[in-house]
Amino acid sequence: MIASCLCYVLLPAVRLFRALSDAFFTCRKNALLAKSSSPQVDGDFAMAPRGPDQEECEGLLQQWQEEGSSQALSTVSEGLLVDKGVAQSSLALLMDHPGEHDAAAEDKWSSRQLSDLRAAENLEEPFPEVLGEEPLPEVEGPMWAAVPVQTGPQYADCAVLSVGALAAEQWEEDPAVVAWSIAPEPVPQEETPIWPFEGLGQLQSPPVEIPYHEILWREWEDFSTQPDAQGLEAGDGPQFQFTLMSYNILAQDLMQQSSELYLHCHPDILSWNYRFANLMQEFQHWDPDILCLQEVQEDHYWEQLEPSLRMMGFTCFYKRRTGCKTDGCAVCYKPMRFRLLCASPVEYFRPGLELLNRDNVGLVLLLQPLVPEGLGPVSVAPLCVANTHVLYNPRRGDIKLAQMAIFLAEVDKVARLSDGSHCPIILCGDLNSVPDSPLYNFIRDGELQYHGMPAWKVSGQEDFSHQLYQRKLQAPLWPSSLGITDCCQYVTFCHPKRSERRKYSRDFLLRFRFCNVACQRPVGLVLMEGVTDIKPERPAGWVESVVEEDISEPEPDFPRTVGTIQHCLHLTSVYTHFLPQHGRPEVTTMPLGLGMTVDYIFFSASESCENGNRTDRRLCRDGTLKLLGRLSLLSEEILWAANGLPNPFCSSDHLCLLASFGMEVTAP
């Protein structure tokens, strides 16, 4: 009984599936014929443009032929499972009226197919090709593709898909969730490189082949024809001209210790062999007469840099940082242009002194310019070249000031002439301080009132004003035992030591002729008649005891100012730290993607021009040392366009500084 009932129910269902399959293919065929470009086809269907990919269409047709009716049956069965209500109602109808179901079901599904066909007509839905159909002729026109309707914010990032991509997706038959639109030409999208600096904007990524030579082009600014304050041109009269470069070349050890700062760089351009070749090419291109380098790794210096620079005609001096540090500073000069008078390395580390417990160093050279013989009997003043790398820590401005005081005291000692004046001075290096910071103003203006100043404010690198606890500078900044005055001079130059060999007059020495010690017979003296047997007779009125002079040397007592330090070197900066043609500040480095200036070249100026009630050191008139030109710096935006520093063109995280000077040649 149960088996007969099942047969009674399943036989009409099979017939229904076959009818639905035939109706499905018929509907598809009619739709394609209606959209055909043949003139014999009548109806209201518009011509649908067809995509140009003929091979893809033929592949779809072959797949359709292989799958055949099984695909149609699965499609219908899926439709029945989705439309659960229709399936249940059809089963109930078979149980109640088995004889009347065939015609009713066919009418019902035919009406549904008709509604689908009309929806497809309105939406101009392209259908896959039917088994046995000839391929439609190609029609030139835009390509059509399906785009899901954006019904919520989850589709905000939905992109337009191509026809080939849609063919691989599962086809959604319900026209309520399918819309049609013209698909634009597919544009390949390149992956945007990840900018590793959080909270910082990124400019549009440059093309693959970046014209670094064009982006990083630096102009040479010539001042040799500009008149000075007296109306005289810098080129008037004989001059000894030379160029000086200051460059932080980025020690390889330091780069590897702070690798997170260089995530934006390709690993190949960070290798030392690549960077060394680039640096040497840069030295050869600019060909300076004096080269001041910072962050010079010791093994690289002795194995590669010093031999290569020696072959280029340089004589090099190197000072490694104290402690376990592997880098240091170097000063190189061409012996064809200068003769060395003295070299003085500077160490800032002082054992037992917390203020000076860091391993930074400096190097001071005194050079004598060599004048060509063709100028006759003329002379040029010596030149003092000082190079240093000050502590980086932005929070410890007190250490920076103490290190700079020691460095200026050494420069004062080396550059001081016999008459108390100073020879021309060039002070350069990485000072880890921004322009117009208290440390910068101290070097430029020669005076700084530091008492009560927050330590982080000295260099101006970062702003820590939001922190509750702030280290503040107290006077005196360094102890007297350091031997440096508040004028950044060694105590010995303020209070010269007395000569170790004293000179006594004859009268003073004769006063000891008949003193008590002289009149006593020494023990063990051999008695010799007429020689040692006579006791000296003291003349009448001779004082037995001689009042000896106080020859003890008092401790040097030098005055200490309250919260103020000074120096008398009259220094001014080669660069103005602003690019007027771009309206942007100059940049010498880009730590963490932020451009700033921390590298400088200062030179001595004998006089300053008054600008109202304020002395502006940037308007200083040169004395015996004249600025003839400089290599322009770049802005932060330009370095961003070149993917920051380092890059394939610049192999350091700093830009080099280059300036040309002239020294007066005087007759003896």
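Just so it is clear, the structure is predicted and the values come from calculations on it, not from any experiment.

Caption draft 1: Region of interest: the overall build of the chain. From N to C terminus, the chain includes 15 helices and 21 strands. Sorting the 668 residues of the chain into buried and exposed places 42% on the buried side. Partitioning the contacts of the chain with sequence separation of at least 6, the portion at a separation of at least 24 is 74%. Accessible surface, the chain as shown: approximately 37800 Å² in total, 55% of it carbon and sulfur.

Caption draft 2: Spotlight on the sheet that holds strand β10 (residues 383-389). Pairing is mixed in the open sheet, where six strands are placed in the order β8-β9-β10-β11-β17-β14. Every other strand in the sheet has two partners, leaving β8 (338-347) and β14 (571-573) as the edge strands with one partner each. Averaged over all neighbouring strand pairs, the angle between strand axes comes to 20 degrees, with direction disregarded. In terms of strand pairing, strand β9 (residues 361-369) meets β10 through six bridges, oriented antiparallel.

Caption draft 3: Inspection of the packing of helix α8 (residues 272-286) against helix α9 (residues 298-311) at higher detail. As a packed pair, α8 and α9 sit with axes 11 Å apart at the nearest point and diverge in direction by 25 degrees. Our classification of the angle between α8 and α9 gives roughly parallel. In this structure, α8 meets α9 at a crossing whose hand is right-handed. Residues Trp272, Asn273, Phe276, Met280 and Phe283 of α8 form the contact with α9, whose own contacting residues are His300, Gln304, Leu305, Ser308 and Leu309. Among the residues making up the contact of α8 with α9, the classes are represented as six nonpolar, four polar and no charged.

Caption draft 4: View of a nonpolar patch on the surface. On the surface, a cluster of nonpolar side chains totalling about 300 Å² of accessible area is made up of Val526, Met528 and Val531. Topologically, Val531 is positioned in the loop between α14 (516-519) and β13 (564-566). Judged by relative accessible area, Val531 falls into the exposed class, the value being 57%.

Caption draft 5: Up close: the sheet that holds strand β4 (residues 239-248). Pairing is mixed in the open sheet, where seven strands are placed in the order β3-β20-β21-β4-β5-β7-β6. Every other strand in the sheet has two partners, leaving β3 (220-222) and β6 (315-320) as the edge strands with one partner each. Mean inter-strand twist for the sheet, computed between neighbouring axes without regard to direction, equals 20 degrees. Relative to strand β21 (residues 657-664), strand β20 (residues 625-631) runs antiparallel, the two being bridged by five bridges. Looking at β21, one finds that Lys626 is bridged to Gly662.

Caption draft 6: Fine view of the environment of Tyr575. Take Tyr575: it is sitting in the loop between β14 and β15 (578-579). When the C-alpha atoms of Tyr575 and Arg630 are compared, they prove to be 7.9 Å apart, with 55 residues separating the residues in sequence. Setting aside anything within four residues of it in sequence, one finds Tyr575 in contact with Glu586, Arg630, Leu631, Leu633, Leu657 and Leu658. Of the polar contacts made by the side chain of Tyr575, one reaches the backbone oxygen of Leu631; its length is 2.7 Å. Within polar-contact distance, the side chain of Tyr575 engages the backbone oxygen of Leu658 at 3.3 Å.

Caption draft 7: Highlighting the packing of aromatic side chains. Under the definition given, this model contains 14 aromatic pairs. Centre to centre, the rings of Phe317 and Tyr333 are 6.4 Å apart; their planes meet at 10 degrees, and the pair counts as stacked. In this pair, Phe317 sits in strand β6 while Tyr333 sits in strand β7 (residues 327-333), placing the two residues 16 residues apart along the sequence. One aromatic cluster is present, built from ring pairs that chain together Phe240, Phe242, Phe338, Phe603 and Phe661.

Caption draft 8: Looking closely at the pairing of β20. In terms of burial, β20 is a largely internal element, seven of the seven residues being buried. The sheet contact formed by β3 and β20 spans three bridges and is antiparallel. Among the inter-strand pairings, Trp220 is bridged to a residue of β20, identified as Leu631.

Caption draft 9: Summary view of α8. The end-to-end C-alpha separation of α8 is 21 Å, in line with the 21 Å expected for 15 residues at 1.5 Å each. Within the sequence span of α8, burial applies to Trp272, Arg275, Phe276, Asn278, Leu279, Met280, Glu282 and Phe283. If you follow the buried residues of α8, they end up packed against β4, α7 (252-257), β5 (290-297) and α9. Among the residues trailing α8, Asp287 stands out with phi positive, at a value near 50 degrees.

Caption draft 10: Quick look at the nonpolar core. Ranked by size, the top nonpolar core spans 63 residues in total, and within it Phe242, Leu244, Phe283, Ile290, Ile426, Ile601 and Phe661 carry the most contacts. Ranked by size, the runner-up nonpolar core spans 48 residues in total, among them Cys384, Ala386, Val414 and Phe602.

Caption draft 11: Molecular detail of unusual backbone geometry. Cis geometry marks the peptide bond from Ala475 to Pro476; its omega dihedral reads -5 degrees. In this chain, Leu645 is followed by Pro646 through a cis amide linkage whose omega measures -5 degrees. Inspection of the secondary structure assignment puts Pro646 in the loop between α15 (636-641) and β21. In this structure, Asp287 is a non-glycine residue whose phi angle is positive, near 50 degrees. Tracing the chain through its elements places Asp287 in the loop between α8 and β5. You can call Asp287 partly exposed: its relative accessible area is 39%. The phi torsion at Asn432 lies on the positive side, around 50 degrees, for a residue other than glycine.

Caption draft 12: Representation of the pattern of salt bridges within the structure. Taken as a whole, this structure holds 15 salt bridges when the rule is applied. Ionic pairing is found between Glu354 and Arg396, a salt bridge with its closest N-O pair at 3.4 Å. Taken as a pair, Glu354 in the loop between β8 and β9 and Arg396 in the loop between β10 and α10 (397-415) lie far apart in primary sequence, 42 residues in all. Note on Arg396: relative accessible area 7%, which makes it buried. Notably, a salt bridge pairs Arg444 with Asp436, separated by 3.9 Å at the nearest N-O pair. Taken together, the salt bridges that share partners define one network made up of Glu354, Arg396 and Asp398.

Parameters at a glance
- Residues numbered from 1 in each chain as written.
- Predicted model: local features only at pLDDT ≥ 70, side-chain atom pairs only at ≥ 80, totals over all residues.
- Heavy atoms only, no water.
- Helix = DSSP H or I, 4+ residues; strand = E, 2+ residues; numbered from the N terminus.
- Buried < 20%, exposed > 50% of the residue type's maximum accessible area, 1.4 Å probe, protein only.
- Contact = heavy atoms within 4.5 Å.
- Areas by Shrake-Rupley, 256 points an atom, 1.4 Å probe, with all protein chains shown as cover.
- Pairing = 2+ DSSP bridges.
- Axes fitted to C-alpha atoms, helices over the stretch in contact; angles between N-to-C directions.
- Parallel < 35°, antiparallel > 145°, perpendicular 65-115°, else oblique.
- Left-handed = near helix turned anticlockwise from the far one by under 90°.
- Nonpolar A, V, L, I, M, F, W, Y, C, P; charged D, E, K, R; others polar.
- Patch = residues over 30% accessible without salt bridge, like charges linked within 9 Å, V, L, I, M, F, W, Y side chains within 5 Å.
- Salt bridge = Lys/Arg side-chain N within 4 Å of Asp/Glu carboxyl O.
- Polar contact = N/O pair within 3.5 Å; in protein donor to acceptor, adjacent residues only side chain to side chain.
- Phe/Tyr/Trp six-rings, centres within 6.5 Å; stacked < 30°, edge-to-face > 60°.
- Expected span 1.5 Å × (residues − 1).
- Core = buried A, V, L, I, M, F, W, Y, C linked by side-chain atoms within 4.5 Å.

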